[in-house]
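# A structural walkthrough
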Amino acid sequence: MHITNDTSTPLIIAHRGGSHEVPENTMAAFRHAIDLGMKLVELDVQMTLDGELVVIHDETVDRTTEGSGMVGGFTFEEIRKLDAGSHFDPKYAGEKIPALREVLELCASEGVGVVVEIKDPNLYPGLEDKVVALIGEMWLRGAENIWCISFDHEAIRRIRQLDATIPLGYLYMPDQTDFAQPDDTIQAYCPYYVTALQHPEQVAKAHEMGKLVLVYTVNTEAELRALANSGIDGMVTDEPSVLSRLSL
């Protein structure tokens, strides 16, 4: 399923698989989102010392595992030995930091789209090239709904230079209120949800240019209902089991 500009039904996107409900960015999280019927999941990508693309939000492993140190200081074999589940709940003990390939293969097999956030590209020379190569491989296998987004807009422009077909989006910090600037590089603007609510003219401008507006991070029923009438196209949430049950 591709994201469409049907503003009457904003698409709910599971943030890191649903990081308030399961250990974020793990295979358990993405299976959880799939079981909920999510059409899109969002994840973050970093790179190990030996060049493996791995799914983890932070540039260090400290917050989400029992380990310590920079992601880029571990080989893939070393990082796979870390427990990425116990910090959330002992029942998830043994969850690993997954390879990006693993998550894309799982989602492709279930017909679920993936929004890949490019993290810290300045730390990982060649990161964009590896992401594009892997997405290209997945597309050949029928996984066509894979997006890339980033706060680092230069990284997104680099991806566009490498591949003309991957759908792309720019992320914006909460204080960036004039996000809907003309740019042929991207298909989506990704502002903070409060920014979209406070600046409906920017949402309208984006749509006039044929762009989507995907906002982060919406976790309550009140926020959901406010955004449902704002014209945005999709919203990222840490609470997919809650928001997916609500009727708009």
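A quick note: this is a predicted structure, and the numbers were derived from the prediction, not measured. (Residues numbered from 1 in each chain as written. Predicted model: local features only at pLDDT ≥ 70, side-chain atom pairs only at ≥ 80, totals over all residues. Heavy atoms only, no water.)

By the burial criterion, the buried members of helix α5 (residues 153–162) are His-153, Ala-155, Ile-156, Ile-159 and Arg-160. Burial along α5 is one-sided: seen end-on, the buried residues are contained in an arc of 155°. Its side-chain oxygen at 3.1 Å from the backbone nitrogen of Glu-154, Asp-152 defines the N-terminal cap of α5. (Buried < 20%, exposed > 50% of the residue type's maximum accessible area, 1.4 Å probe, protein only. Helix = DSSP H or I, 4+ residues; strand = E, 2+ residues; numbered from the N terminus. Arc of directions from axis to C-beta. Polar contact = N/O pair within 3.5 Å; in protein donor to acceptor, adjacent residues only side chain to side chain.)

What follows deals with the packing of helix α1 (residues 27–35) against helix α3 (residues 100–110). In a packed pair of helices, the relevant descriptors are the angle between the two axes and the axis-to-axis distance. Contact pair α1 / α3: the axes reach a minimum separation of 11 Å and the direction vectors enclose 15°. Regarding the angle of α1 to α3, the classification is roughly parallel. The interaxial crossing formed by α1 with α3 has right-handed handedness. Across the interface between the two elements, Met-27, Phe-30, Arg-31 and Ile-34 of α1 pack against Glu-102, Val-103, Leu-106 and Glu-110 of α3. Counted by class, the contact of α1 with α3 contains five nonpolar, no polar and three charged residues. (Axes fitted to C-alpha atoms, helices over the stretch in contact; angles between N-to-C directions. Parallel < 35°, antiparallel > 145°, perpendicular 65-115°, else oblique. Left-handed = near helix turned anticlockwise from the far one by under 90°. Contact = heavy atoms within 4.5 Å. Nonpolar A, V, L, I, M, F, W, Y, C, P; charged D, E, K, R; others polar.)

This part is about empty space enclosed by the protein. On inspection of all chains with the given rule, the structure shows one cavity of 30 Å³ or more. Within this model, the largest cavity holds a volume of roughly 60 Å³. Considering the residues around the largest cavity, the lining is formed by Glu-24, Asn-25, Thr-26, Val-55, Ile-56, His-57, Thr-64, Ala-84, His-87, Lys-96 and Ile-97. Residue composition of the lining of the largest cavity, grouped by class: four nonpolar, five polar and two charged. (1 Å grid on protein atoms, 1.4 Å probe; cavity = no way out; pocket = protein on both sides within 12 Å on 5 of 7 lines; lining within 4 Å. Points joined across faces, edges and corners; volume = space filled by probe spheres on them.)

So, on to the pairing of strand β2 (residues 40–47). Across the eight residues that make up β2, a large majority, eight, are buried. Burial along β2 is two-sided: Leu-40, Glu-42, Asp-44 and Gln-46 facing one way and Val-41, Leu-43, Val-45 and Met-47 facing the other are all buried. Pairing of strand β1 (residues 11–15) with β2, which is carried by three bridges, proceeds in the parallel orientation. From the neighbouring strand, Ile-13 faces β2, where its bridge partner is Leu-40. As paired elements, β2 and strand β4 (residues 113–118) share six bridges and run parallel to each other. Within β4, the residue paired with Leu-40 across the bridge is Gly-113. Connecting β2 to the next strand, strand β3 (residues 53–55), in antiparallel fashion are five residues, including Gly-51 with a positive phi near 85°. (Pairing = 2+ DSSP bridges.)

One can find Thr-165 in the loop between α5 and β6 (168–171). In this structure Thr-165 comes out as partly exposed when scored by relative accessible area, which is 48%. Along the chain, Thr-165 and Gly-136 lie 29 residues apart, while their C-alpha atoms are 9.5 Å from each other. In this structure, Thr-165 is in contact with Trp-139 and Arg-160, ignoring residues within four places of it in sequence.

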